[in-house]
Amino acid sequence: MTLSVVALVATVAVGIGTYAMRSSFIHALADRDLPPAVREALRYVAPSVMAALVVSLGFGGSAGVGWAEIAALSVGGVVGWRTRSLPLVLVAGMATLWALRAAL
Amino acid sequence: MLVPVVPFALVLGLAIAESPLPNLVGWLGSSLIFGGSAQLTVVTLSAEGAGLAAVVAAGLVVQTRHFMYSAAFAPVFAGQPSWFRWLGPYFLIDQQFALTSLRVDDPPDSFRRYYLTVGLAFWVVWQATVALGLVVGPVVPGEWSLDFAVPLLFVGLLTAAIDSRPALVAAVAAGAVTWATLGVPNRLGIVLGAFAGIAAGVGASRR
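Residues numbered from 1 in each chain as written. Chains lettered and ligands numbered in written order. Predicted model: local features only at pLDDT ≥ 70, side-chain atom pairs only at ≥ 80, totals over all residues. Heavy atoms only, no water.

Q: Would you explain the overall build of chain B in this entry?
A: What chain B contains, in helices and strands, is 11 helices and zero strands. Taken from N to C terminus, the helices and strands of chain B fall in the order α-α-α-α-α-α-α-α-α-α-α. Here the C-alpha atoms of chain B give a radius of gyration of 18 Å, agreeing with the 17 Å that 2.2 N^0.38 yields for 207 residues. Taking the principal axes of its C-alpha atoms as reference, chain B extends roughly 55 × 50 × 30 Å. Burial status across chain B gives 53% buried among its 207 residues. Considering only contacts within chain B whose residues lie at least 6 apart along the sequence, 72% involve residues at least 24 apart. (Helix = DSSP H or I, 4+ residues; strand = E, 2+ residues; numbered from the N terminus. Rg over C-alpha atoms; globule rule 2.2 N^0.38 Å. Buried < 20%, exposed > 50% of the residue type's maximum accessible area, 1.4 Å probe, protein only. Contact = heavy atoms within 4.5 Å.)

Next comes the structure, spelled out in structure tokens:
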């Protein structure tokens with residue numbers, strides 16, 4: 001399968017799945033609630049998936065990751081931790097990358 | 001609320017433009033999925049050559065938080081007309097939930113008007129900004145390395161998601177298991193790492 005076919009099929013599947021999840025309790029399960037154990041587990045989906053994606057995309061590719069990139073991602077992480085602002089993470093990380101590349 | 005949405009959509013548009021994937025897939029995804037994290041996951045993983053099963057599983061796991069929004073809104077939507085119960089969930093993105101959950105005690109018809117107004121506003125801004133990224137992407141000089149905004153965005157989403165000690169445990173466990181399973185083909189290690197992280201988070205919260 002080519003990359004484009006994978007992307008297309010995955011987009012359709014994730015699109016249908018997303019709508020199904022968003023409408024699940026509104027339609028089929030209207031008189032039920034999430035079991036507490038499931039609700040608890042769902043709280044840890046975001047930190048787990050994002051950490052898995054960062055590691056896989058950062059270290060699993062064929063392209064080498066240089067020191068400037070690692071420094072910029074670290075700065076982005078610290079800014080995100082302190083401010084919880086996505087725009088600031090992007091600005092600080094890109095600025096760090098550009099500054100280090102200009103300096104080195 | 002619109003402030004984080006705009007750079008997110010811009011980065012998504014740039015990511016699609018810089019990927020080897022046809023722009024059509026990006027256009028389709030931003031209206032079909034209408035969810036930034038999931039679409040960025042699908043775009044970046046398929047561009048990296050991940051297998052279909054891993055791409056779909058990772059994209060769907062990212063979206064499971066929508067079960068919570070759906071469960072929270074079920075009683076609110078119960079008193080709404082059928083067409084709205086079918087159309088409404090489509091707009092139920094994170095920011096939509098955050099804004100409209102403040103108005104659930106409004107009368108049904110005024111809640112409905114507010115929900116649709118906010119939903120359409122997010123939708124229009126989202127589509128327009130993704131399109132802007134698609135157009136701008138090829139024009140920007142390569143030395144700007146705007147593709148680096150994608151891993152940065154994931155780092156930003158990661159730090160925003162770590163809001164408690166068990167969430168930190170979940171992130172560390174997920175990262176470690178993903179690291180240990182980098183050799184698993186088709187990037188299925190992401191799915192293994194994610195489930196390990198969720199289990200670790202639940203375990204840590206029960207202490």
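Anyway, onward from the coordinates.
Q: Just to check I follow, could you spell out the side chain of Ser24 of chain A for this structure?
A: Within the element layout of this structure, Ser24 of chain A appears in the loop between α1 (3-23) and α2 (36-42). Within the structure, Ser24 of chain A has its side chain in polar contact with the backbone oxygen of Met21 of chain A (distance 2.8 Å). Residues in contact with Ser24 of chain A, not counting those within four places in the same chain, are Leu29 of chain A together with Phe67 and Ser70 of chain B. (Polar contact = N/O pair within 3.5 Å; in protein donor to acceptor, adjacent residues only side chain to side chain.)

Q: Would you mind showing me how to read the interface of chain A and chain B here?
A: Frequently, the measure chosen for interface size is the accessible area removed from exposure when the parts meet. In this complex, chain A contributes 65 residues to the contact, which on the side of chain B involves 87 residues. Across the chain A/chain B interface, buried area totals approximately 6,600 Å², and carbon plus sulfur atoms make up 78% of it. Seen at the junction of chain A and chain B, the total is zero salt bridges. Across the chain A-chain B interface, the total number found is 20 residue pairs in polar contact (both at pLDDT 80 or more). (Buried area = accessible area lost by both parts, 1.4 Å probe. Salt bridge = Lys/Arg side-chain N within 4 Å of Asp/Glu carboxyl O.)

Q: Looking at this model, I keep getting lost on the nonpolar core. Mind explaining?
A: Counting residues in hydrophobic clusters, the biggest one holds 84 residues, and the most contacted among them are Leu40, Leu45, Phe73, Phe77, Tyr115, Trp126 and Phe154 of chain B. When residues of this core are sorted by domain, at least three fall in each of domain 1 (1-32) and domain 2 (35-104) of chain A. Those residues in contact with Leu40 of chain B that sit more than four places away from it in its chain are Phe8, Leu12, Ala15, Val150, Leu153 and Phe154 of chain B. (Core = buried A, V, L, I, M, F, W, Y, C linked by side-chain atoms within 4.5 Å. Domains from an automatic or database assignment.)

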